[in-house]
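Listed below, chain by chain, are the residues.
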Amino acid sequence: MNAPVIPVEPNAYSDHWFKLFHTEIAEARTTRETDFVCACAPLPYFHKVIDVCCGMGRHARGLFDRGYSVTGVERDAVAIARARELAGGPTYIQVDVRDYEPDASAYDLAISMSQSFGYFDVATSRDVLRRLTTGVREGGRVILDLWSPEFFSAHQGERDLELPDVVVRERKRVEDGRLFVHLDYPHGCYDDFEWELFNREQMISLADSAGLDLIAAATDFDIAVEPSPTKPRIQFVLERR
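Presented here is an overview of the structure given in this document. Model, not experiment: these values are computed from the prediction.

Turning our attention to the overall build of the chain. When helices and strands are counted, the chain shows seven helices and 11 strands. Computed over its C-alpha atoms, the radius of gyration of the chain comes to 18 Å, within 12% of the 18 Å expected for a compact globule of 241 residues. Counting all 241 residues of the chain, 48% fall into the buried class. Contacts in the chain between residues far apart in sequence, at least 24 positions, make up 63% of those at least 6 positions apart. When the accessible surface of the chain is summed, it comes to about 11,900 Å², and 51% of that surface belongs to carbon and sulfur atoms. Taking the average location of the 27 positive side-chain charges in the chain and that of its 40 negative ones, the two points are 2 Å from each other.

Turning to helix 5 (residues 122-135), a few remarks are in order. Helix length check: helix 5, at 14 residues, gives a terminal C-alpha distance of 20 Å against a target of 20 Å (1.5 Å per residue), a fit within 8%. All buried positions along helix 5 are accounted for by Ser 125, Val 128, Leu 129, Arg 131, Leu 132, Thr 133 and Gly 135. Lining the buried residues of helix 5 we find strand 1 (48-52), strand 4 (107-112), strand 5 (136-147), helix 7 (200-210), strand 10 (212-218) and strand 11 (233-240).

Let's shift gears to the packing of helix 5 against helix 7. In contact at an axis separation of 8 Å, helix 5 and helix 7 are set at 55° when each is read in the N-to-C sense. As judged from the angle between their axes, helix 5 and helix 7 are oblique. Viewed along their axes, helix 5 and helix 7 form a crossing whose handedness is right-handed. Listed contacts from helix 7 to Arg 126, Leu 129, Arg 130 and Thr 133 of helix 5 are Leu 206, Ala 207, Ser 209 and Ala 210. The class makeup of the residues in the contact of helix 5 with helix 7 is four nonpolar, two polar and two charged.

Below, the discussion takes up the sheet that holds strand 9 (residues 190-196). Backbone hydrogen bonds are what pair the strands of a sheet, in a parallel or an antiparallel way. One open sheet holds the four strands; their spatial order is 6-7-8-9, and the pairing between them is antiparallel. If you trace the sheet from one side to the other, it starts and ends with strand 6 (157-162) and strand 9, each paired once. For this sheet, the mean inter-axis angle between neighbouring strands, taken without regard to orientation, is 20°. In this structure, strand 8 (residues 178-184) lies alongside strand 9, joined through seven bridges in antiparallel fashion. Looking at the pairing, Leu 183 lines up with Asp 191 of strand 9.

In this section: unusual backbone geometry. Note the cis peptide between Leu 43 and Pro 44, where omega equals 0°. For Pro 44, the location among the structural elements is in the loop between helix 2 (27-40) and strand 1. The phi dihedral of Ser 105 is positive, around 55°, even though this residue is not glycine. For Ser 105, the position within the fold is in the loop between strand 3 (91-94) and strand 4.

Another point: the pattern of salt bridges. Scanning the model with the defined rule gives 24 salt bridges in all. Between Glu 239 and Arg 141 there is a salt bridge; the shortest N-O distance is 2.9 Å. In this pair, Glu 239 sits in strand 11 while Arg 141 sits in strand 5, placing the two residues 98 residues apart along the sequence. Given the relative accessible area of 19%, Arg 141 is considered buried. Arg 173 is paired through a salt bridge with Glu 175; the nearest N and O atoms lie 3.1 Å apart. According to the relative accessible area criterion, Glu 175 is partly exposed, its value standing at 38%. It is possible to trace a salt-bridge network through shared partners that takes in Arg 29, Glu 33, Arg 58, Asp 145 and Arg 233.

Taken as a whole, this structure holds eight aromatic pairs when the rule is applied. Ring centres 5.0 Å apart and planes at 70° place the aromatic pair Trp 147 and Phe 152 in the edge-to-face group. Taking NZ or CZ as reference, Lys 48 lies 6.0 Å from the ring centre of Tyr 107, over its face. Here Arg 137 stacks its cationic end above the ring of Phe 46, 5.0 Å away from the centre of that ring.

Cut-off values and rules
Residues numbered from 1 in each chain as written. Predicted model: local features only at pLDDT ≥ 70, side-chain atom pairs only at ≥ 80, totals over all residues. Heavy atoms only, no water. Helix = DSSP H or I, 4+ residues; strand = E, 2+ residues; numbered from the N terminus. Rg over C-alpha atoms; globule rule 2.2 N^0.38 Å. Buried < 20%, exposed > 50% of the residue type's maximum accessible area, 1.4 Å probe, protein only. Contact = heavy atoms within 4.5 Å. Areas by Shrake-Rupley, 256 points an atom, 1.4 Å probe, with all protein chains shown as cover. Lys, Arg positive; Asp, Glu negative; His and termini not counted. Charge placed at Lys NZ, Arg CZ, Asp CG, Glu CD. Expected span 1.5 Å × (residues − 1). Axes fitted to C-alpha atoms, helices over the stretch in contact; angles between N-to-C directions. Parallel < 35°, antiparallel > 145°, perpendicular 65-115°, else oblique. Left-handed = near helix turned anticlockwise from the far one by under 90°. Nonpolar A, V, L, I, M, F, W, Y, C, P; charged D, E, K, R; others polar. Pairing = 2+ DSSP bridges. Salt bridge = Lys/Arg side-chain N within 4 Å of Asp/Glu carboxyl O. Phe/Tyr/Trp six-rings, centres within 6.5 Å; stacked < 30°, edge-to-face > 60°. Lys NZ or Arg CZ within 6 Å of the ring centre and 35° of its normal.

Structure follows, in structure tokens:
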């Protein structure tokens, strides 16, 4: 008899997700993403960094290796335990970003990579961004790496993700400005995720409400490449007034 399927909280990130999608990330990808951060917030002007929703700390370690002072913030106990095991220099804090209140002007730069911003409703996203803004100094920056609404509006539906040892069934839909993703793993296990999607105009409005100005929007982690409906990700670079 099959075991009962236990519902999971949206955006909880199960052990299946970590094992299949997060454990074996190519070093070249992390290097490219870290290069982008360094280009947008170069040393020595942006030395102190807070990496929000840092996961297992791959960006935090990469930035530390470049000479930055890095604090990683992560709610998932397994992920942050792994980050601490890997060490590499950063300081880590286990806390939900919705409850985190950095000291005023404590950092030069705040980053939220790999679509780790926008899980909540717009009001909560605004509050989170406002508190991150408070945590960076005047002239400090916030970098958000997000999903593109134009891309996912055009790429809804179902597909099979053929991974090395397993096939995962993915279902995506966009509804009322939010992206919903359902992943079915073997043996009845699954994950559900959802994000608020922000285009350039919506991000300008959100940033303005937090005291930030949009200074760049890019894709492919290349400041010279404009966001495109053919690309799934947008990187927004914001600056505190």
